[in-house]
Amino acid sequence: MKTGKIISIIFSIFLFSNSFGQNTDNWPQWRGPLATGAATKGNPPTQFSETKNLKWKTEIPGKGHATPVVWGNNIIIQTAVPTTEKGDTALIAKASRMPGTITEVIHEFKVILINRETGKINWEKTVTREMPLEGTHNLGSWASNSPCTDGEFIYAYFGSRGLFCLDFQGNIIWERDFGQLQKKMSFGEGESPYLYKDQLFVQWDSEDKSFMTALNKKTGDEVWKVERNEKTSWASPLVLEVNGKTQVIASATNQVRSYDYNTGEIIWTCTGMTQNVIPNPVYADGILYVMSGFRGNALQAIDIAKAKGDITGTDVILWTYNQDTPYTPNPLLMNGKLYFLRANNGELTCLDAKTGKVFYSKEKLEGISTLYSSPSGVGELIYVAAENICVVAKAGETFEILSSNILDDNFHASPVIVGNELFLRGFKSLYCFSEK
C-alpha cells in the first residue's frame with residue numbers, strides 16, 4: 001500500500017474519532033466507536049466454533065438481547081433475570097390486558113462486568129427489581145437496550161426501568177426514572193442511549209408523550225427536554241460535529257430531526273421514513289444516512305453541512321434508494337460502502353456510500369432466513385449473527401461468503417469486534433473468539 005494512502009486512512013480515522021468523541025480502541029456504545037457498526041482496526045478470526053478459536057465462553061444469567069460494550073479489559077452486559085416471586089396482583093391484572101408476551105414475576109435487572117481476558121464475571125449488580133408492566137415481542141427481551149461507557153462510568157439503560165450510572169466497581173452513582181413507555185402493540189423496548197462528551201441522550205418515542213432529553217452524564221440532571229410529535233420508534237440518536245456546531249440526530253416516522261446539542265432547538269427536519277423506524281442514523285465523510293423498512297422502504301443520503309430548516313425534497317438529499325431496506329437490523333457503514341439487510345431477512349445489499357451506486361443487492365447469506373441482529377465489520381470482513389450461526393462475508397464491491405460458523409446458541413445481539421477478538425452474545429452465553 002502506498003504511503004500516501006496509509007496517511008489518508010490514518011487521517012480519516014483521526015477525523016472520525018474527533019467527530020464522534022470516541023476512543024476507537026474500544027466498543028463503547030451499541031454500534032461501536034464510530035456508531036457505524038465498524039471497528040477501526042482488528043483481525044478477528046473468520047472461522048470459529050464451539051471448539052475452534054474459542055478463547056472462552058461464559059454463561060450469562062437471565063435473558064437479554066442487549067449488545068455488549070467493551071472498554072479496555074472490561075465487557076459490560078445487561079440482562080433481566082426472572083425470579084420466582086410473583087408481582088402485585090393488581091399489576092398482574094394490568095399486565096394481563098397487554099398484547100405481546102407478558103410476565104407475572106419480578107425480574108432482577110442486572111449489569112454484569114466481565115473480564116475480557118478470562119471471561120470471568122467480576123461482578124453482577126442488580127440495579128432494580130420490578131415486574132415489567134409492558135408486554136414484549138415473543139422474540140424480544142426485557143433487556144434489549146445496550147449500555148454505553150466513557151471508561152470512567154457505565155450508563156445502563158433499561159427503558160421503563162430507568163437509566164443507571166455505575167462506576168466500574170458496580171456502585172450506583174445516580175439513576176433516572178422516565179416513566180412507563182407505551183410501545184406499539186407491545187412490541188417491546190430496545191432503543192439505546194447515546195453518550196457524547198458530557199451529555200447523554202435518550203430518544204423516548206412512545207404511543208404516549210414522546211420526547212428527546214439531554215442529561216448531564218456526571219449527575220443525571222436534565223440539561224434539556226423537548227417534546228416530539230412522534231409515535232413508537234426504536235431508533236437511537238446520533239451526535240455529530242457539523243461546521244463547528246454539535247447536532248443530535250433522531251430518526252422517526254413523522255420526521256428526521258436535528259437538535260442543537262446545547263439547547264434542544266431544531267436545526268433541520270425532513271420527512272420520508274416508513275412506520276416503526278428502528279435503524280439508527282449513520283454518518284461518514286459529510287453524509288448522513290437514514291433508513292427504515294417496515295411497510296415500505298426508505299433510504300436517504302443527506303449532505304448534512306447544507307441542512308437547515310425543512311430539507312424535504314431539496315438537493316440537500318443527495319440520493320435515495322427506496323428498496324430492500326432493513327426493518328430491525330441497523331446498516332453497516334464501512335470504507336465508503338453502505339451495507340444493509342432486506343427487512344429481517346438474510347439478504348445483503350451493498351451501495352457506494354457517496355453516490356448510491358449499487359454494487360450488489362439481495363445477495364443471500366446461506367444459513368440465515370430471518371434475523372434481528374445487525375451486521376458488524378472491520379477491514380475486509382463483515383459478520384452477521386442469527387439463529388445458531390454467524391456468517392462471515394467479504395467486504396467490498398463483490399459479494400463473497402468466507403465462512404459459515406455453527407454455534408450452540410441463538411443470537412439477537414450484534415457482533416462486537418475489538419482488536420483481534422470477536423464477541424458474540426447469545427441467548428445463553430457470551431463467546432470470545434480469537435485466532436489461536
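Above this text you will find the structure in question.
Residues numbered from 1 in each chain as written. Predicted model: local features only at pLDDT ≥ 70, side-chain atom pairs only at ≥ 80, totals over all residues. Heavy atoms only, no water.

Colleague: Residue-level account of the packing of aromatic side chains, with values.
Modeller: One pass over the structure, following the stated rule, counts 20 aromatic pairs. Relative to F158, the ring of F109 lies with its centre 5.5 Å away and its plane at 75°, an arrangement referred to as edge-to-face. One end of the pair, F109, is in strand β4 (residues 105-115); the other, F158, is in the loop between β7 (153-157) and β8 (163-167), with 49 residues separating them in the sequence. Each member of the pair, F109 together with F158, is buried. Between the aromatic rings of F158 and F164, the centroid separation amounts to 6.5 Å while the plane-to-plane angle is 70°, which identifies the pairing as edge-to-face. Just as F158 is buried, F164 falls in that class too. Joined through ring pairs, the aromatic side chains of Y196, F201, W224, Y259 and Y261 make up one cluster. Positioned over the ring face of W30 is R31, at 5.8 Å from the centre of the ring. It is K225 that lies over the ring of F211; its NZ or CZ is 4.2 Å from the centre. (Phe/Tyr/Trp six-rings, centres within 6.5 Å; stacked < 30°, edge-to-face > 60°. Helix = DSSP H or I, 4+ residues; strand = E, 2+ residues; numbered from the N terminus. Buried < 20%, exposed > 50% of the residue type's maximum accessible area, 1.4 Å probe, protein only. Lys NZ or Arg CZ within 6 Å of the ring centre and 35° of its normal.)

Colleague: How would you sum up the pattern of salt bridges? Please name residues and give values.
Modeller: Overall, the coordinates contain 20 salt bridges when judged by the stated rule. When the shortest N-O distance is used, the salt bridge between D205 and R228 registers 2.8 Å. With a gap of 23 residues between them, D205 in the loop between β11 (199-204) and β12 (210-216) and R228 in strand β13 (residues 222-228) connect regions that are remote in the sequence. Connected through salt bridges with shared partners, the residues E85, E108, K110, E124 and R129 form a single ionic network. (Salt bridge = Lys/Arg side-chain N within 4 Å of Asp/Glu carboxyl O.)

Colleague: Can you lay out the pairing of β7 for me, pointing to particular residues and giving the numbers?
Modeller: Within β7, 5 of the 5 residues are buried, which leaves the element mostly enclosed by the surrounding structure. Going residue by residue along β7, you find F153, Y155 and Y157 tucked away on one face and I154 and A156 tucked away on the opposite face as well. The pairing of strand β6 (residues 148-149) with β7 spans 2 bridges and is classified as antiparallel. Bridged to C148 within β7 is Y155. Examined bridge by bridge, β7 and β8 share 5 bridges and lie antiparallel to one another. (Pairing = 2+ DSSP bridges.)

Colleague: Before we move on, can you summarise the sheet that holds β6 with the specific residues and values?
Modeller: Spatial ordering of the open sheet is given by β6-β7-β8-β9, a layout of 4 strands whose pairing is antiparallel. Of all the strands in the sheet, the pair left with one neighbour each is β6 and β9 (172-176). In this structure, β8 lies alongside β9, joined through 4 bridges in antiparallel fashion. Bridged to C165 within β9 is W174.

Colleague: I'd like a rundown of unusual backbone geometry, residues and numbers included.
Modeller: The backbone of N276 sits at a positive phi, close to 50°, despite the residue not being glycine. Within the element layout of this structure, N276 appears in the loop between β17 (266-270) and β18 (282-284). Taking the relative accessible area as the measure of exposure, N276 reaches 2% and is therefore buried. Despite not being glycine, A343 has its phi angle at roughly 50°, a positive value. Structurally, the position occupied by A343 is in the loop between β24 (337-341) and β25 (347-352).

Colleague: So what's going on with the side chain of T67? Which residues, and what values?
Modeller: Position of T67 among the secondary structure elements: in the loop between β1 (54-59) and β2 (69-71). A polar contact of 3.2 Å, which involves the side chain of T67, links it to the side chain of W30. Within the local environment of T67, its side chain forms a polar contact with the backbone nitrogen of S414, the two atoms lying 2.9 Å apart. Those residues in contact with T67 that lie beyond four places of it in its chain are W30, S146, P147, A413, S414 and V416. (Polar contact = N/O pair within 3.5 Å; in protein donor to acceptor, adjacent residues only side chain to side chain. Contact = heavy atoms within 4.5 Å.)

Colleague: Can you tell me about the sheet that holds β11, naming the residues and giving the values?
Modeller: The 4 strands are arranged β10-β11-β12-β13 in an open sheet whose pairing can be described as antiparallel. The sheet is open, and its two edges are formed by β10 (194-196) and β13, each paired on a single side. Neighbour to neighbour, the strand axes of the sheet diverge by 15° on average, direction disregarded. As defined by bridge partners, β10 adjoins β11 across 3 bridges and the pair is classed as antiparallel. The residue of β11 that forms the bridge with Y194 is F201. (Axes fitted to C-alpha atoms, helices over the stretch in contact; angles between N-to-C directions.)

Colleague: So what about the side chain of S258? Which residues, and what values?
Modeller: Within the secondary structure, S258 is located in strand β16 (residues 256-260). Dropping the residues within four chain positions of it, S258 is found in contact with Q247, V248, I249, E265, I266, I267 and W268.

Colleague: Explain the state of the cysteines residue by residue, including any values.
Modeller: In the structure shown here, the tally under the stated rule is 0 disulfides. C432 carries a free sulfur, and the closest cysteine sulfur to it, the one in C390, is 13 Å from it. Taking the relative accessible area as the measure of exposure, C432 reaches 0% and is therefore buried. (Disulfide = S-S within 2.5 Å.)

Colleague: Which residues make up the nonpolar core, and what are the values?
Modeller: Ranked by size, the top nonpolar core spans 34 residues in total, and within it W268, L288 and I302 carry the most contacts. Examining the composition of this core, we find that 4 residues originate from one element, strand β14 (residues 238-242), more than from any other. Setting aside chain neighbours within four positions, we find L288 in contact with L238, L240, I249, W268, P281, V282, Y283, Q300, A301, I302 and I304. W56, V416, L422 and L430 belong to the second largest nonpolar core, which has 29 residues in total. (Core = buried A, V, L, I, M, F, W, Y, C linked by side-chain atoms within 4.5 Å.)

Colleague: Help me get a handle on the pairing of strand β5 (residues 121-130), residues and values and all.
Modeller: Note: β4 against β5, 8 bridges, orientation antiparallel. The residue bridging I112 from the neighbouring strand is E124, located in β5. Here β4 folds back onto β5, and the loop between the two strands holds 5 residues, one of which, G119, carries a positive phi near 80°.

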